[in-house]
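Structural description and commentary
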Amino acid sequence: MILQAILVGLVAGYGRIEQSWFGQQMIARPIWLCTLVGLLLGDLKQGVIIGGTLELIWAGVVQIGAAPTEVVSGSVLASALVITSGLTVEEGVALAIPVALLASVMNTFISSVNSAVLSSLTNKAVENCDTKMIWWTGIGGGIIYFVVYFVVIALGFMAGSVAIQAVIDSIPGVVRYGLTNASKLLPAIGIGILLKFTFDWKYAGFFALGFLLPTYLGMGTMGVALTGLVCAYIYYQFKPRAEEDD
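Residues numbered from 1 in each chain as written. Predicted model: local features only at pLDDT ≥ 70, side-chain atom pairs only at ≥ 80, totals over all residues. Heavy atoms only, no water.

**So, a nonpolar patch on the surface**
Residues Met1, Ile2, Ile6, Leu10, Trp21, Phe22, Ile143, Val147, Val151, Leu155 and Met158 make up a contiguous nonpolar surface patch of roughly 970 Å² in combined accessible area. At the level of elements, α1 (2-16), α2 (18-22) and α7 (131-170) are the ones that each hand at least two residues to the nonpolar patch. If one sorts the elements of the nonpolar patch by residue count, α7 sits on top with 5 residues. With respect to the secondary-structure elements, leucine 10 resides in helix α1. Judged by relative accessible area, which is 37%, leucine 10 ranks as partly exposed. (Patch = residues over 30% accessible without salt bridge, like charges linked within 9 Å, V, L, I, M, F, W, Y side chains within 5 Å. Areas by Shrake-Rupley, 256 points an atom, 1.4 Å probe, with all protein chains shown as cover. Salt bridge = Lys/Arg side-chain N within 4 Å of Asp/Glu carboxyl O. Helix = DSSP H or I, 4+ residues; strand = E, 2+ residues; numbered from the N terminus. Buried < 20%, exposed > 50% of the residue type's maximum accessible area, 1.4 Å probe, protein only.)

If you want it as structure tokens, here you go:
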């Protein structure tokens, strides 16, 4: 249990330092973090499944300006508890959302601490043209994030494995059934939010194709994905080039 908690905490810390050290490299996404958790805990398939489900929910969530998004904690902790506690994917999804909301509060607190502790040091380093100190203050901010997320998620996993099982045993079957079915709506809501900002009627045919293939032809997820890849290739080849228009 302790080794598993350490591994889960390391994944959470690794995911959180992305925005502090590397910029937006897309390593802090549910599909990647949950897959890592599944690999480390011995159930890669389940990690990929819950990661893909959570990615659909948070597909439209990106960092805007200085407001960091929080999908790391919910993804890592929910996937770890699904794998170790025997939860269903739907129950894991229902768990990930409130965890992510609580982590957003924690993230704001860490940002405030970083600003209070490091901003004065950074300003002084800038005034003195001390490039090494400027670099170290940037690294220090990432270290604070890493340590806090590592400790919180590792302890949350250790406490949660026992607590979650106790809660599950005490929840009436009808309530669990309701939560499970409600969580199935969340991926559709995530896609809906994404479409609200990105949808264009000239791509409506592709959207309809993605619905018709599995619904009426029974095509699986991989088949739909490959069909989408072929459509993207055809669209790229037939799309007029800028130099051709000139």
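**Here we look at the packing of aromatic side chains**
In this structure the tally under the stated criterion is 3 aromatic pairs. Ring geometry for phenylalanine 146 and phenylalanine 150: centres 6.4 Å apart, planes at 0°, overall stacked. In this pair, phenylalanine 146 and phenylalanine 150 are both assigned in helix α7, 4 residues apart and thus about one turn of the helix distant. Given the relative accessible area of 25%, phenylalanine 146 is considered partly exposed. Between phenylalanine 206 and tyrosine 235, the aromatic rings sit 6.1 Å apart at their centres with planes inclined by 90°, giving edge-to-face as the arrangement. Residue phenylalanine 206 is located in helix α9 (residues 204-216), and its partner tyrosine 235 is located in helix α10 (residues 221-238); the two are separated by 29 residues in the primary sequence. Through a chain of ring-to-ring contacts, the aromatic side chains of Tyr203, Phe206 and Tyr235 assemble into a single cluster. Its end group placed over the ring of tyrosine 145, arginine 16 keeps NZ or CZ at 4.2 Å from the ring centre. (Phe/Tyr/Trp six-rings, centres within 6.5 Å; stacked < 30°, edge-to-face > 60°. Lys NZ or Arg CZ within 6 Å of the ring centre and 35° of its normal.)

**Looking at the packing of helix α4 (residues 44-57) against helix α6 (residues 89-127)**
Where α4 contacts α6, the two axes come as close as 10 Å, and the packing angle between them is 50°. Judged by the angle between their axes, α4 and α6 are oblique. In the crossing of α4 with α6, the sense of the turn from one axis to the other is right-handed. Judged by residue contacts, Gln46, Ile49, Ile50, Thr53, Leu54 and Ile57 of α4 engage Val89, Gly92, Val93, Ala96 and Ile97 from α6. Split by residue class, the contact of α4 with α6 holds 8 nonpolar, 3 polar and no charged. (Axes fitted to C-alpha atoms, helices over the stretch in contact; angles between N-to-C directions. Parallel < 35°, antiparallel > 145°, perpendicular 65-115°, else oblique. Left-handed = near helix turned anticlockwise from the far one by under 90°. Contact = heavy atoms within 4.5 Å. Nonpolar A, V, L, I, M, F, W, Y, C, P; charged D, E, K, R; others polar.)

**Observations regarding the pattern of salt bridges**
Where charged atoms from two side chains of opposite charge approach closely, those side chains can pair. Here the structure, examined in full by the defined rule, presents 1 salt bridge. Put simply, arginine 29 and glutamate 55 hold a salt bridge, and the shortest N to O gap is 3.0 Å. Of this pair, arginine 29 sits in the loop between α2 and α3 (30-41) while glutamate 55 sits in helix α4; the two residues are 26 residues apart in sequence, bridging distant segments of the chain. The same class applies to arginine 29 and to glutamate 55, which are both buried.

**A few points about the nonpolar core**
Val8, Val37, Ile50, Leu54, Trp58, Val76 and Phe157 are the most contacted members of the largest nonpolar core, which has 33 residues in total. Counting only elements with at least two residues in this core, the list comes to α1, α3, α4, α5 (72-85), α6 and α7. Among the elements that take part in this core, α5 stands out by supplying 8 residues, more than any other. The residues touching valine 76, leaving out its near neighbours within four places in the chain, are Val8, Val11, Ala12, Leu33, Val37 and Ile153. (Core = buried A, V, L, I, M, F, W, Y, C linked by side-chain atoms within 4.5 Å.)

**Topic: the environment of asparagine 107**
If you trace the backbone, asparagine 107 turns up in helix α6. When the C-alpha atoms of asparagine 107 and valine 148 are compared, they prove to be 9.5 Å apart, with 41 residues separating the residues in sequence.

**Quick look at the environment of alanine 94**
Position of alanine 94 relative to the elements: it lies in helix α6. Expressed as a C-alpha distance, the spacing of alanine 94 and glycine 74, which sit 20 residues apart in the sequence, is 9.8 Å.

**As for the side chain of serine 79**
With respect to the element layout, serine 79 can be found in helix α5. The buried category is assigned to serine 79, whose relative accessible area is 0%. Those residues within four positions of serine 79 in sequence are excluded, and the remaining contacts are Cys34, Val37 and Ile50.

**Focus: the packing of α1 against α3**
α3 packs onto α1 with a crossing angle of 160° between their chain directions and a minimal axis gap of 10 Å. Relative to α3, the element α1 lies roughly antiparallel. Of the two possible hands of crossing, α1 and α3 adopt the one that is right-handed. Taking contact as the criterion, the partners of Gln4, Leu7, Val8, Val11, Tyr14 and Gly15 in α1 are, on α3, Trp32, Leu33, Leu36, Val37, Leu40 and Leu41.

That's the geometry; what it means functionally is another story.
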